[in-house]
Amino acid sequence: MTTRDALDEAIHRDTVDDAMSVLIEREVWMADADTLTQAIHSVYCGMMADHEQPNDKDREQARQLIAAIGRSIGTGATASR
C-alpha cells in the first residue's frame with residue numbers, strides 16, 4: 001500500500017483518532033521539522049553525543065531529509081530555513 005492509499009483510507013474515517021490509527025497501522029508517520037530534528041539527534045547522536053539537545057546540524061539534516069522525501073514523492077520540495 002502506498003502512502004497515498006493509506007492517506008485516502010484515513011481521510012474517509014469518522015474521527016481523527018480513527019484516521020491516525022489507519023496511518024499508524026500502515027506505518028505512515030507524520031512529523032514536522034522539530035520532531036524529525038529530535039529523532040535525528042536521538043538516532044545519530046545518541047547517548048554518546050557531545051550535546052544534550054539537537055543542534056543546527058541535526059536541524060539541517062531534518063530539513064534535507066524532508067526535502068528528499070518530498071522529491072521522492074514528486075512534490076518538488078526543497079529544504080527550507
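Residues numbered from 1 in each chain as written. Predicted model: local features only at pLDDT ≥ 70, side-chain atom pairs only at ≥ 80, totals over all residues. Heavy atoms only, no water.

K.L.:
How should the nonpolar core be read in this particular structure?
P.N.:
Nonpolar side chains in soluble globular proteins generally cluster together in the buried interior. Counting residues in each nonpolar core, the largest one holds six residues, listed as A6, A10, A19, V22, L23 and V28. Contributions of two or more residues to this core are made by α1 (3-11) and α2 (16-25). If you tally residues by element for this core, the top one is α2, at three residues. (Core = buried A, V, L, I, M, F, W, Y, C linked by side-chain atoms within 4.5 Å. Buried < 20%, exposed > 50% of the residue type's maximum accessible area, 1.4 Å probe, protein only. Helix = DSSP H or I, 4+ residues; strand = E, 2+ residues; numbered from the N terminus.)

K.L.:
How should the side chain of T37 be read in this particular structure?
P.N.:
Along the chain, T37 falls in helix α3 (residues 33-45). On the basis of relative accessible area, T37 is assigned to the buried category, the value being 1%. Looking at T37, its side chain comes within polar contact range of the main-chain oxygen of A33, at 2.6 Å. Setting aside residues up to four positions removed in sequence, T37 forms contacts with P54, D58, R59 and A62. (Polar contact = N/O pair within 3.5 Å; in protein donor to acceptor, adjacent residues only side chain to side chain. Contact = heavy atoms within 4.5 Å.)

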